[in-house]
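Breakdown of the fold
Single-letter residue listing:
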There are 2 protein chains.
Amino acid sequence: MKITMAHGSGGRATSGLIENIFKKANSNPVLDAMEDSAVVDGDNKIAITTDSFVVTPLFYSGGDIGRLSVCGTVNDLLMRGAVPKYITSAYIIEEGADTEVLERIAVSMSKTAKEANVCLVCGDTKVIEGSGGIYINTTGVGFVKDGTDIKSSNCKAGDKIIVSGNMGDHHAAVLSHRMGIKNSIKSDNAPLNEMVLGMLENKIRIHALRDITRGGLGTVLNELSRSSDKCFLINEADIPVSDEVKSFSQILGLNIMHMGNEGKLVAVVDAEDADIALSVIRNSKYGEDAKIIGTVTEGNGVIMNTKIGGRRVVLELIGEGLPRIC
Amino acid sequence: MKITMAHGSGGRATSGLIENIFKKANSNPVLDAMEDSAVVDGDNKIAITTDSFVVTPLFYSGGDIGRLSVCGTVNDLLMRGAVPKYITSAYIIEEGADTEVLERIAVSMSKTAKEANVCLVCGDTKVIEGSGGIYINTTGVGFVKDGTDIKSSNCKAGDKIIVSGNMGDHHAAVLSHRMGIKNSIKSDNAPLNEMVLGMLENKIRIHALRDITRGGLGTVLNELSRSSDKCFLINEADIPVSDEVKSFSQILGLNIMHMGNEGKLVAVVDAEDADIALSVIRNSKYGEDAKIIGTVTEGNGVIMNTKIGGRRVVLELIGEGLPRIC
């Protein structure tokens with residue numbers, strides 16, 4: 001069935017859509033109550049984050065907008081050391097979209113929410129003119145334990161910089177799909193609960209965490225450098241990239257430092273804890289290719305020791321990158 | 001300046017947009033930290049709600065999409081008896097939108113958030129192809145006091161049904177703007193904190209609350225009737241409508257029962273408390289035209305005693321109504 005403007009009217013067509021697709025894919029007592037807001041258990045300190053997803057195509061190798069919209073938001077909660085608890089799901093749907101496509105996306109969201117251990121507590125549906133596009137906003141709420149204080153400005157000189165796996169996979173998968181290139185590159189979109197909660201359980205002194213999405217590792221490191229007023233010194237040779245993504249980026253002239261991921265993080269940890277942190281991440285789901293890529297020092301900006309023995313300033317992404325990557 | 005795809009890349013253009021528009025309009029320590037998620041104080045019970053806004057035009061008599069996006073979400077929290085605390089703001093912007101327009105909207109959001117006593121804690125910006133459209137998702141978090149239990153299924157036979165003011169104002173204002181009709185009808189978009197928190201302070205036994213938006217009063221009453229398995233018996237003569245909106249709806253053949261508001265609620269309260277509830281609402285900001293419009297009885301559906309002495313079944317909105325009203 002095709003979506004029409006009536007599905008966004010708030011009347012019977014809207015409730016039919018919710019009943020037949022969204023509630024079917026995501027049933028739980030809070031959601032099923034269909035109230036104006038969900039009332040749930042809280043905690044002393046909570047983390048809140050919001051993200052909209054406009055990725056095109058909606059389905060790509062290794063994932064889809066539904067999985068992405070859960071992972072992106074769950075990971076943003078984790079980056080403050082919060083345990084993800086609740087997620088909301090708001091669809092803006094262009095007229096002409098297929099209800100079958102919506103259903104696949106809703107099922108994927110539900111599956112990913114289970115994996116990420118979050119409860120989908122409320123939703124919204126709006127319809128706009130257009131040609132079948134689907135956009136999803138997810139907002140997440142998590143609980144933060146007393147004493148947890150993870151933020152960019154905490155980075156100290158001497159800290160070690162860890163990335164949790166290969167760079168550029170999501171970017172390369174989406175771009176391959178758009179260009180019709182056949183390869184075995186898969187998006188890395190994944191929820192990073194296990195590695196982050198694992199580090200917290202092991203009492204790693206984590207100073208800052210950032211997931212690497214739009215703008216890539218280069219942009220994230222520049223943001224960390226600005227917030228903490230420190231220099232991020234990294235080694236090109238240590239940046240993990242799969243052979244396939246490396247070839248892909250070289251052929252197309254893409255800079256791996258600006259290619260987006262959707263299931264990777266940068267952890268800035270106390271030097272003494274770096275080896276344990278690395279081992280926790282490597283032993284967690286989605287962390288097997290993690291590496292220590294450098295050190296925080298006094299100074300400014302992001303500096304890379306290149307493979308051929310030089311030094312290069314890494315800038316944040318300027319301009320367009322890959323539009324609609326997430 | 002016109003928005004380009006680069007403003008959605010996650011790189012320098014995105015951070016420039018956030019810095020110059022969104023942070024300028026909404027500065028606070030939580031937001032200014034620019035972290036992946038906001039860490040804030042929580043409470044034992046929290047309410048969560050999400051809503052996207054796709055209204056066209058973006059500015060109309062009495063309001064704009066910025067004010068609307070705060071009111072809609074704040075009101076949804078209030079409808080569960082929650083004290084609104086935090087709000088998120090996620091923009092999906094079509095290429096070609098004006099940054100001046102974005103700025104006006106962001107300033108309006110900020111002003112309305114102050115009025116509604118909520119702190120804007122995080123945001124997101126995405127850019128899609130298109131022709132200058134702007135869509136906003138807001139998600140709200142509120143605190144619910146122990147013992148507060150307001151939900152549709154609580155409605156009991158004998159309860160009184162109160163509406164907080166004139167029906168159809170938002171609908172008529174948006175439609176007038178689209179049709180280029182000059183009149184003095186203004187949207188009612190407003191945050192209803194004062195009347196709801198006032199009723200709670202006065203210990204009114206509120207059984208259910210619903211704000212009247214898309215689908216209108218008829219749709220809301222049908223939803224309440226279904227959830228509580230009761231009949232909602234109302235009097236046509238008691239439904240408050242301004243003379244101007246009444247004439248407007250009669251000329252265009254619109255059913256006032258299906259016209260949307262954005263600053264009105266239905267309160268279903270214990271019969272013994274109905275008069276005090278009415279007086280609290282009438283003495284609150286935005287509540288002066290409140291009326292008791294009927295009674296909950298055993299049975300099903302929504303029945304209206306008409307002005308000419310008949311009885312009519314009121315159905316929920318079927319079909320399109322006014323698309324993109326909120």
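Just so we're clear, the structure is a prediction, and the values are computed from it rather than from any experiment. (Residues numbered from 1 in each chain as written. Chains lettered and ligands numbered in written order. Predicted model: local features only at pLDDT ≥ 70, side-chain atom pairs only at ≥ 80, totals over all residues. Heavy atoms only, no water.)

Structural notes on the overall build of chain A
Heads up, the rule is: Numbered from the N terminus, helices here are DSSP runs of H or I no shorter than four residues, and strands are runs of E no shorter than two. Using C-alpha atoms as the atom set, the radius of gyration is obtained and then compared with a globule rule of 2.2 Å times the number of residues to the power 0.38. The rule is simple: take the accessible area with a 1.4 Å probe, protein chains only, and divide by the maximum for that residue type; under 20% is buried, over 50% is exposed, in between is partly exposed. Throughout, a contact is declared for two residues whenever any of their heavy atoms are within 4.5 Å. For the area figures, the Shrake-Rupley method with a 1.4 Å probe applies, and any residue is considered shielded solely by the protein chains shown. Charge convention: Lys and Arg are scored as positive, Asp and Glu as negative, and His as well as the terminal groups of each chain are ignored. Here the site of a charge means NZ on Lys, CZ on Arg, CG on Asp, or CD on Glu.
For chain A, the helix and strand inventory stands at 9 helices and 14 strands. Here the C-alpha atoms of chain A give a radius of gyration of 20 Å, agreeing with the 20 Å that 2.2 N^0.38 yields for 326 residues. Taken along its principal axes, the extent of the C-alpha atoms in chain A is 65 × 50 × 30 Å. In chain A, which comprises 326 residues, the share counted as buried stands at 62%. Contacts in chain A between residues far apart in sequence, at least 24 positions, make up 85% of those at least 6 positions apart. If you sum the accessible surface of chain A, you get close to 11,900 Å²; carbon and sulfur atoms cover 49% of it. Charge separation in chain A, taken as the distance between the mean sites of 34 positive and 41 negative side-chain charges, equals 2 Å.

Observations concerning the environment of A:Lys246
Residue and element names in this part refer to chain A. For Lys246, the location among the structural elements is in helix H8 (residues 243-252). Judged by relative accessible area, which is 31%, Lys246 ranks as partly exposed. C-alpha of Lys246 to C-alpha of Ile256: the two residues are 10 residues apart in sequence and 7.7 Å apart in space. Those residues in contact with Lys246, other than ones at most four positions away along the chain, are Val241 and Lys307.

Looking at the confidence of the model for chain A
Here is the rule: Scored from 0 to 100, pLDDT reflects the predictor's confidence in each residue.
When pLDDT is averaged along chain A, the result is 96, and 100% of the positions lie at 70 or above. Taken together, the chains of this predicted complex give a pTM of 0.96 and an interface ipTM of 0.95.

Observations concerning the sheet that holds strand S2 (residues 45-53) of chain B
Neighbouring strands of a sheet are bound in pairs by backbone hydrogen bonds; such pairs are parallel or else antiparallel. Keep this limit in mind: Strands are labelled as partners when DSSP assigns at least two bridges between them. Orientation is described by lines fitted to C-alpha atoms, with helices fitted over the stretch in contact, and by angles between N-to-C directions that extend from 0 to 180 degrees.
Ordered by their spatial adjacency, 5 strands build an open sheet running S1(A)-S2(B)-S7(B)-S5(B)-S6(B), and the pairing between neighbours is mixed. Either end of the sheet is taken by a strand with one partner, and the two such strands are strand S1 (38-41) of chain A together with strand S6 (119-128) of chain B. Neighbour to neighbour, the strand axes of the sheet diverge by 20° on average, direction disregarded.

Some points on the nonpolar core
Operational definition: Residues belong to one nonpolar core when they are buried, are Ala, Val, Leu, Ile, Met, Phe, Trp, Tyr or Cys, and are joined through side-chain atoms within 4.5 Å.
With 85 residues, the main nonpolar core has A:Tyr91, A:Leu217, A:Leu221 and A:Val266 as its most contacted residues. Grouped together as the second largest cluster of nonpolar side chains are 84 residues, B:Ile65, B:Ala113, B:Leu209 and B:Ile256 included.

What to know about the interface of chain A and chain B
Defined as follows: Throughout, buried area stands for the accessible area (probe radius 1.4 Å) lost by two parts on being put together, summed over both. Note on definitions: salt bridges are taken to be side-chain nitrogens of Lys or Arg within 4 Å of carboxyl oxygens of Asp or Glu. Each polar contact in these results corresponds to two N or O atoms within 3.5 Å; when the atoms are within protein, one needs to be able to donate a hydrogen and the other to accept it, and residues that are neighboring in sequence are counted only if both atoms are side-chain atoms. The residue classification treats Ala, Val, Leu, Ile, Met, Phe, Trp, Tyr, Cys and Pro as nonpolar and Asp, Glu, Lys and Arg as charged. All others, Gly included, are polar.
Counting residues at the interface gives 69 residues for chain A and 69 residues for chain B. Buried area between chain A and chain B, both sides added, is near 5,800 Å², and the carbon and sulfur share of it is 53%. For the chain A face of the interface with chain B, the top three residues by lost area are A:Asp36, A:Ile48 and A:Arg214, together amounting to 13%. Inspection of the region where chain A meets chain B yields 14 salt bridges. For A:Asp51, the salt bridge is made with B:Lys126, and the minimal N-O distance between the two is 2.9 Å. Scanning the region where chain A abuts chain B turns up 36 residue pairs in polar contact (both at pLDDT 80 or more). The residue makeup of the side of chain A that touches chain B, split by class, is 27 nonpolar, 23 polar and 19 charged. Sheet topology places S1(A) next to S2(B); 4 bridges connect them, and they run antiparallel. The residue of S2(B) that forms the bridge with A:Ala38 is B:Ile48.

Details of the relation of the copies chain A and chain B
Defined as follows: A least-squares fit on C-alpha atoms brings the copies together, and the residues used are those whose pLDDT is at least 70 in both copies.
Least-squares fitting of chain A to chain B yields an RMSD of 0.0 Å, with the transformation described by 0.0 Å of translation along the axis and a rotation of 180°. Those values place the two copies in the arrangement expected of a two-fold rotation axis. Taking C-alpha positions as the reference, the residue of chain A nearest the rotation axis is A:Asp43, at 2.7 Å. Both copies share a contact surface, since 100% of the interface residues of chain A are interface residues in chain B too.

Looking at the side chain of B:His171
Its location among the elements puts B:His171 in helix H5 (residues 169-179). For B:His171, the contacting residues outside a window of four places in its chain are B:His258, B:Met259, B:Gly260, B:Leu322 and B:Ile325.

Considerations on unusual backbone geometry
For the bond running from A:Thr56 to A:Pro57, omega is 0°, close enough to zero to count as cis. Examined against the element boundaries, A:Pro57 turns out to sit in the loop between strand S2 (45-53) and strand S3 (59-60). One non-glycine residue with positive phi stands out, namely B:Asp229, at about 55°. At B:Arg324, a position not held by glycine, the phi torsion is positive, near 50°. Classification of B:Arg324 as buried rests on a relative accessible area of 13%.

Some details on H5(B)
Residues and elements named next belong to chain B. Within H5, 8 of the 11 residues are buried, which leaves it mostly tucked inside the rest of the structure. Every buried residue of H5 is accounted for by Asp169, His170, His171, Ala172, Ala173, Val174, Leu175 and Ser176. Elements that come into contact with the buried residues of H5 comprise strand S3 (59-60), helix H3 (65-78) and helix H8 (243-252). Gly180 sits one or two residues past H5 and shows a positive phi near 70°.

Comments concerning the domain arrangement of chain A
To be explicit about the condition: Domain delimitation follows an automatic or database domain assignment.
According to the domain assignment, chain A consists of domain 1 (1-32), domain 2 (37-144) and domain 3 (152-313). Centre-to-centre separation of domain 1 of chain A and domain 3 of chain A, based on C-alpha positions: 39 Å.

Points about the packing of aromatic side chains
Residues and elements named next belong to chain B. Using the following cut-off: Stacked, tilted and edge-to-face pairs are distinguished by plane angle, under 30 degrees for stacked and over 60 for edge-to-face with tilted covering the rest, among Phe, Tyr and Trp rings (Trp via its six-membered ring) whose centres lie within 6.5 Å.
The final tally for this structure, using the stated rule, is 4 aromatic pairs over all chains. A ring pair is formed by Phe22 and Tyr91, whose centres lie 4.4 Å apart and whose planes are at 40°; its orientation type is tilted. Of the two residues, Phe22 is situated in helix H1 (residues 12-25) and Tyr91 in strand S5 (residues 83-94); the sequence distance between them amounts to 69 residues. Here Tyr86 and Phe143 contribute two aromatic rings whose centre-to-centre distance is 6.1 Å and whose plane-to-plane angle is 70°, an arrangement assigned as edge-to-face. Of this pair, Tyr86 sits in strand S5 while Phe143 sits in strand S7 (residues 134-143), and the two are 57 residues apart along the sequence. Grouping residues by exposure puts Tyr86 and Phe143 together as buried.

Some thoughts on H1(B)
Residue and element names in this part refer to chain B. Note the following rule: One less than the residue count of a helix, multiplied by 1.5 Å, gives the span that helix is expected to have. One axis is fitted to the seven residues ending at the residue and one to the seven starting there. The bend at that residue is the angle between these axes.
Look at H1: 19 Å from first C-alpha to last across 14 residues, which is about the 20 Å you get at 1.5 Å a residue. Within H1, the axis deviates most sharply at Glu19, by approximately 35°. Buried residues of H1: Thr14, Leu17, Ile21, Phe22, Lys23 and Ala25, and no others.

What to know about the sheet that holds strand S11 (residues 265-269) of chain B
All names here are of chain B. Spatially, the 7 strands line up as an open sheet ordered S9-S11-S8-S12-S10-S13-S14, and their pairing is mixed. Looking at strand neighbours, the two that pair on one side only are strand S9 (206-211) and strand S14 (311-313), the edges of this open sheet. Strand-to-strand twist across the sheet, computed as the mean angle between neighbouring axes with direction ignored, equals 25°. Looking at chain direction, S9 and S11 are connected through 5 bridges and run antiparallel. Among the inter-strand pairings, Arg210 is bridged to a residue of S11, identified as Val266.

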